[in-house]
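Examining the three-dimensional arrangement
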Amino acid sequence: SQTIHQWPATLVQPVGSPLSLECTVEGTSNPNLYWYRQAAGRGLQLLFYSVGIGQISSEVPQNLSASRPQDRQFILSSKKLLLSDSGFYLCAWSVEKEKLFFGSGTQLSVL
Amino acid sequence: AQSVAQPEDQVNVAEGNPLTVKCTYSVSGNPYLFWYVQYPNRGLQFLLKYITGDNLVKGSYGFEAEFNKSQTSFHLKKPSALVSDSALYFCAVRHSTGGFKTIFGAGTRLFVKA
């Protein structure tokens, strides 16, 4: 069966420090991969999505970047975190027109 | 451009009463529509989807949703609410062709009182 792993679950980082959040999917090939950010327990903002290795679509210009070095690995990064980068980050995957499967999320606090 | 609107920040309903959580969408062409539920500090869980076919879609935990093309709506319903249904509900839309981008509404918090 398919599973998605996202880590860490919580992260506290100082302003100006780098960021790396990792997401891996098991049990499927060539998934579509997504990074969403959820602010204050409400709406989800699509940050990046990828339909294949090295193919990244950015939805919102910001302080973050994404990479897909392997078929089932999706990484969210920042060189220097801002206070406004705080939030709940969710990784997800899908195939074709099917539903999204979400990871358990990373609560990022930038102080 | 795709967009989703959930006009209610919060819905309050008594246990045993029917509930409705509203959603309207905007997308060119035919949409794929979804409902997800989120419990505190967790990822989202899939409830149901509309791709094609019958306008009334049945999903998990007794939820159902009705697709109305003329009103561009996809309201979530349940005949009898449970306290355990209290959570944050998200409507989402994806274009049926040309891409895999899924856009979510702002979410509606459902409170079911005993």
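The shown structure was predicted, so the numbers you read here are calculated from the model rather than taken from an experiment. (Residues numbered from 1 in each chain as written. Chains lettered and ligands numbered in written order. Predicted model: local features only at pLDDT ≥ 70, side-chain atom pairs only at ≥ 80, totals over all residues. Heavy atoms only, no water.)

1. Looking at the overall build of chain A
- Counting secondary structure elements, chain A contains zero helices and 11 strands.
- In terms of overall dimensions, chain A is globule-like: its C-alpha atoms have a radius of gyration of 13 Å, near the 13 Å expected for 111 residues.
- For chain A, the spread of C-alpha atoms along the three principal axes comes to 40 × 25 × 20 Å.
- Across the 111 residues that make up chain A, the buried fraction comes to 46%.
- Here the contacts in chain A between residues at least 6 apart in sequence split such that 54% fall between residues at least 24 apart.
- Total accessible area on chain A stands at roughly 5100 Å², and carbon and sulfur atoms take up 53% of it.
- Taking the 8 positively charged and 7 negatively charged side chains of chain A as two groups, their mean positions are separated by 6 Å. (Helix = DSSP H or I, 4+ residues; strand = E, 2+ residues; numbered from the N terminus. Rg over C-alpha atoms; globule rule 2.2 N^0.38 Å. Buried < 20%, exposed > 50% of the residue type's maximum accessible area, 1.4 Å probe, protein only. Contact = heavy atoms within 4.5 Å. Areas by Shrake-Rupley, 256 points an atom, 1.4 Å probe, with all protein chains shown as cover. Lys, Arg positive; Asp, Glu negative; His and termini not counted. Charge placed at Lys NZ, Arg CZ, Asp CG, Glu CD.)

2. Observations regarding the sheet that holds strand β8 (residues 73-78) of chain A
Residue and element names in this part refer to chain A.
- Across the sheet, which stays open at both edges, the four strands sit in the order β1-β3-β8-β7 with antiparallel pairing between neighbours. Strands with a single pairing partner mark the edges of an open sheet, and in this sheet they are β1 (3-7) and β7 (65-70). Pairs of neighbouring strands in the sheet enclose a mean axial angle of 20 degrees, with direction left out of account.
- As paired strands, β1 and strand β3 (residues 19-26) are joined by five bridges and run antiparallel to one another. Bridge pairing in β3 links Q6 to C23. (Pairing = 2+ DSSP bridges. Axes fitted to C-alpha atoms, helices over the stretch in contact; angles between N-to-C directions.)

3. Observations regarding the packing of aromatic side chains
- Per the stated rule, a full pass over the model turns up 15 aromatic pairs over all chains.
- Taking 5.9 Å as the distance between ring centres and 75 degrees as the angle between the ring planes, the aromatic pair formed by F102 of chain A and F104 of chain B counts as edge-to-face. Note that F102 of chain A is positioned in strand β10 (residues 101-102) and F104 of chain B in strand β11 (residues 102-104), a pairing that runs across two chains.
- A ring pair is formed by Y50 of chain B and F67 of chain B, whose centres lie 4.2 Å apart and whose planes are at 20 degrees; its orientation type is stacked. On the criterion of sequence distance, the pair formed by Y50 of chain B in strand β6 (residues 44-50) and F67 of chain B in strand β8 (residues 64-68) is long-range, its members being 17 residues apart. Each member of the pair, Y50 of chain B as well as F67 of chain B, is classed as buried.
- Put simply, the rings of Y34, Y36, Y49 and F102 of chain A together with F34, Y36, F46, F90 and F104 of chain B pair up and form one aromatic cluster.
- One cation-aromatic arrangement involves K78 of chain B over F63 of chain B; the distance from NZ or CZ to the ring centre is 5.0 Å. (Phe/Tyr/Trp six-rings, centres within 6.5 Å; stacked < 30°, edge-to-face > 60°. Lys NZ or Arg CZ within 6 Å of the ring centre and 35° of its normal.)

4. Quick word on the interface of chain B and chain A
- Tallying the contact residues gives 25 residues for chain B and 23 residues for chain A.
- Our count for the chain B to chain A interface comes out at one salt bridge.
- In this structure, E59 of chain A engages K101 of chain B in a salt bridge whose closest nitrogen and oxygen atoms are separated by 3.3 Å.
- Sorting the residues of the side of chain B that touches chain A by element identifies β5 (31-38), β6, β10 (87-95), β11 and β12 (108-113) of chain B as the ones contributing at least two each.
- It is β5 of chain B that provides the largest number of residues to the side of chain B that touches chain A, a total of four residues. (Salt bridge = Lys/Arg side-chain N within 4 Å of Asp/Glu carboxyl O.)

5. Notes on the state of the cysteines
- Taken as a whole and assessed by the stated rule, the structure comprises two disulfides over all chains.
- The disulfide partner of C23 of chain A is C91 of chain A, and the S-S distance across this bridge is 2.0 Å. Taking the sign of the S-S torsion, about -75 degrees here, the bridge from C23 of chain A to C91 of chain A comes out left-handed. Here C23 of chain A, found in strand β3, pairs with C91 of chain A, found in strand β9 (residues 87-94); they are 68 residues apart in sequence, far enough to count as distant.
- Assessed through its relative accessible area of 0%, C91 of chain A is described here as buried.
- Shown here is the disulfide that connects C23 of chain B with C91 of chain B, its sulfur atoms set 2.0 Å apart. Sign of the S-S torsion, about -65 degrees for the bond between C23 of chain B and C91 of chain B, identifies this disulfide as left-handed. (Disulfide = S-S within 2.5 Å.)

6. Considerations on the environment of L47 of chain B
- Relative to the helices and strands, L47 of chain B resides in strand β6.
- Distance from L47 of chain B to V37 of chain B, taken between C-alpha atoms, is 6.7 Å for residues 10 residues apart in sequence.

7. Comments concerning the pairing of β10 of chain B
Residue and element names in this part refer to chain B.
- Among the nine residues of β10, nine are classified as buried, and the element is accordingly described as predominantly covered.
- Looking at chain direction, β5 and β10 are connected through eight bridges and run antiparallel. Among the inter-strand pairings, F34 is bridged to a residue of β10, identified as A92.
- Here β10 runs beside β12; their pairing, made up of three bridges, is antiparallel. In the sheet register, L88 faces β12, and the bridge partner there is R109.

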